[in-house]
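So you can see what is in the structure, the chains are spelled out below.
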Amino acid sequence: MNQSTLFTPSWKGIIDCYKKYLPVSDKTPIISLNEGNTPLIFAPHITKLCNIPGLTVYLKVEGANPTGSFKDRGMTMALSKACEEGSKAIICASTGNTSASAAAFAARARANGFQMDCFVLVPKGYVALGKLSQAMIYGAKVVQVIGNFDEALKLVKEIVDKYPITLVNSLNPFRIEGQKTSAFEVCEQLGRAPDVLAIPVGNAGNITAYWKGFCEYLKNDKPKMIGFEASGSAPIFYDKIIEKPETIATAIRIGNPASWKQALSAASESGGFIDIVTDDEIIEAYKILHRDEGIACEPASAASVAGLLKSAKLKKITPESTVVCVLTGNGLKDPDSAIKYSASEAHEVKADVNEIVKLIGF
Ligand code: F0G
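None of the values given here were measured: they were computed from a predicted structure.

J.: Describe the overall build of the protein, with residues and values.
T.: Helix and strand counts for the protein come out as 16 helices and ten strands. By the compact-globule yardstick of 21 Å for 362 residues, the protein fits well, its C-alpha radius of gyration being 21 Å. Summarising its shape, the C-alpha atoms of the protein cover approximately 65 × 60 × 55 Å along the three principal directions. Counting every atom, the protein has about 16,500 Å² of accessible surface; 54% of that belongs to carbon and sulfur.

J.: Mind laying out the sheet that holds strand β10 (residues 322-327), listing which residues take part and the relevant values?
T.: Spatially, β1-β2-β10-β7-β8-β9 is the arrangement adopted by the six strands of the open sheet, whose pairing is mixed. Both edges of this open sheet fall to β1 (40-42) and β9 (273-277), since each of them pairs with a single strand only. Strand-to-strand twist of the sheet, defined as the mean angle between neighbouring strand axes without regard to direction, takes the value 25°. As paired strands, strand β2 (residues 56-61) and β10 are joined by six bridges and run parallel to one another. Considered in β10, the bridge of Y58 is made with V324. The strands touched by helix α12 (residues 260-270) within the sheet are β8 (224-230) and β9, with β8 carrying the most contacts at an inclination of about 140°.

J.: Help me get a handle on the sheet that holds strand β4 (residues 117-123), residues and values and all.
T.: Taken in spatial order, the four strands make up an open sheet running β5-β4-β3-β6, and their pairing is parallel. In this open sheet, the two strands that pair with only one neighbour each are β5 (141-145) and β6 (166-167). As paired strands, strand β3 (residues 89-93) and β6 are joined by two bridges and run parallel to one another. Across the sheet, the residue bridging to I90 is T166, located in β6.

J.: Got a sec to walk through the packing of helix α9 (residues 181-190) against helix α10 (residues 205-217)? Specific residues and values, please.
T.: Contact geometry of α9 with α10 gives a least axis separation of 7 Å together with a crossing angle of 55°. With respect to their mutual orientation, α9 and α10 come out oblique. As α9 runs across α10, the sense of the crossing is right-handed. Contacts from S182, A183, F184, C187 and E188 in α9 reach Y210, G213, F214, E216 and Y217 in α10. Classifying every residue of the contact of α9 with α10 by side-chain character gives six nonpolar, two polar and two charged.

J.: Any details on the pattern of salt bridges? Residues and values, ideally.
T.: The final tally for this structure, using the stated rule, is 15 salt bridges. K60 is the partner of E185 in a salt bridge, and the nearest nitrogen-oxygen pair spans 2.8 Å. In this pair, E185 is assigned in helix α9 and K60 in strand β2, connecting sequence segments 125 residues apart. For the pair E185 and K60, a shared accessibility class is recorded, and that class is buried. Taking the shortest distance from any N to any O, the salt bridge between K316 and D275 comes out at 3.7 Å. Taken together, the residues span a long stretch of sequence, with K316 in the loop between α14 (299-313) and β10 and D275 in strand β9 at a distance of 41 residues. Look at D275 and you get buried, because its relative accessible area is 6%.

J.: Any chance you could break down the environment of D117 for me, citing the residues and the numbers?
T.: Relative to the helices and strands, D117 is located in strand β4. Its relative accessible area of 37% is what places D117 among the partly exposed residues. Each C-alpha atom, one on D117 and one on I91, is 8.5 Å from the other, the two residues being 26 residues apart in sequence. For D117, the contacting residues outside a window of four places in its chain are K88, A89 and I90.

J.: Can you break down the state of the cysteines residue by residue, with the values?
T.: Counted under the stated rule, the structure contains zero disulfides. With no disulfide of its own, C118 lies 5.9 Å from the sulfur of C92, the closest cysteine sulfur. For C187, which is in no disulfide, the shortest distance to another cysteine sulfur is to C215 and amounts to 11 Å. Residue classification places C187 among the buried residues on the basis of a relative accessible area of 5%.

J.: Requested: an account of unusual backbone geometry, with residues and values cited.
T.: Excluding glycine, residues mostly have negative phi values, and the peptide bonds linking residues are mostly trans. Of note, N51 is a non-glycine position whose phi angle comes to about 55°, a positive value. Its location among the elements puts N51 in the loop between α3 (44-50) and β2. Residue class for N51 comes out exposed when judged on its relative accessible area of 60%.

J.: Lay out the site of the ligand in plain terms, naming residues and giving numbers.
T.: Every one of the 20 residues lining the ligand counts as a neighbour, but S94, N203, A204, N206 and T328 are closest to it. The side chain of K71 places a nitrogen or oxygen atom 3.0 Å from a nitrogen atom of the ligand. Compared with its free state, where it exposes 480 Å², the ligand has 98% of that area covered by protein. Elements represented by at least two residues in the shell around the ligand include exactly α5 (97-111) and α10.

Procedures and definitions
- Residues numbered from 1 in each chain as written.
- Predicted model: local features only at pLDDT ≥ 70, side-chain atom pairs only at ≥ 80, totals over all residues.
- Heavy atoms only, no water.
- Helix = DSSP H or I, 4+ residues; strand = E, 2+ residues; numbered from the N terminus.
- Rg over C-alpha atoms; globule rule 2.2 N^0.38 Å.
- Areas by Shrake-Rupley, 256 points an atom, 1.4 Å probe, with all protein chains shown as cover.
- Pairing = 2+ DSSP bridges.
- Axes fitted to C-alpha atoms, helices over the stretch in contact; angles between N-to-C directions.
- Contact = heavy atoms within 4.5 Å.
- Parallel < 35°, antiparallel > 145°, perpendicular 65-115°, else oblique.
- Left-handed = near helix turned anticlockwise from the far one by under 90°.
- Nonpolar A, V, L, I, M, F, W, Y, C, P; charged D, E, K, R; others polar.
- Salt bridge = Lys/Arg side-chain N within 4 Å of Asp/Glu carboxyl O.
- Buried < 20%, exposed > 50% of the residue type's maximum accessible area, 1.4 Å probe, protein only.
- Disulfide = S-S within 2.5 Å.
- Near = heavy atom within 4 Å.
- Polar contact = N/O pair within 3.5 Å; in protein donor to acceptor, adjacent residues only side chain to side chain.

What follows is the structure, given as structure tokens:
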């Protein structure tokens, strides 16, 4: 084998790859962790479970991003632009993943010689342990607010109005710009656009970003966008602000999403819909993904698959469709949920072959 077959040019992140679609110039410093280029994996078991003739289901595994979620696509843009504009601090409210990503990319900005402080506000007691520890270890100042995400977002909006700190929630348009690149990748990986894109909806930035991406990348044959809220946190579906949102999928425990209108437009313009999935449906899909596909994600991510299974049962998915479910975050983010909802237990045994053989049933 010669060198050219051994070494392919290395991937340098979404800005490097898609700059012609992004608001960057030669003057923009690129703050990157080589995010993006995540796997699109065929899901044979879920395809079968849907029981729709000719259906093919793929999973876009965004948990393979550097901090384990799709937020890295938006954060490389947000931090690159913040550095370009001379900002010295960023802030966000977060259910966990945005804060992990913001903290990591702030560290990366510092590695590139910029001064960059990072402040994150998270709802106390409702952030998965992996995410909280990420924000802490990447050097952010972590503020646990006694209140929910919506309250934390209101607070950060007030802070950025008064102080020279850049907001890096998805209200920051550069976040959406970066996140839309996942739609480009899906089309390139499939060699065509999917017919349906299934996605969890929380603050509604990501559904907005995918739809923007598909609209910019494709002239015709855009996918139907089907978005799923958790039934206890479903303001868009119920068309009213939920004061006390509840769901085991803490990442999407949001009662007043920032991109509410845009999510509705994405669904209606694409011929799709916004629906709800119960916590039980989320847990079932979460277990199926792990046990029957070998793919780990966090509970909120499983809402896309739970939603597809529900829609298939209701015959809302057309035969012969190619469906992509977005798995937004890595399973290792939330070990507590994994253990709590997992079907199997971890057995304890003496260090003895006979005991072990007896236990494993051989
Ligand atoms: N899935 C995961 C794993 C998330 O972390 C989020 C949002 C979503 C889905 C929903 O995406 O908000 O764009 O509709 N997490 C935000 C955060 C709110 O703070 O990490 P969305």
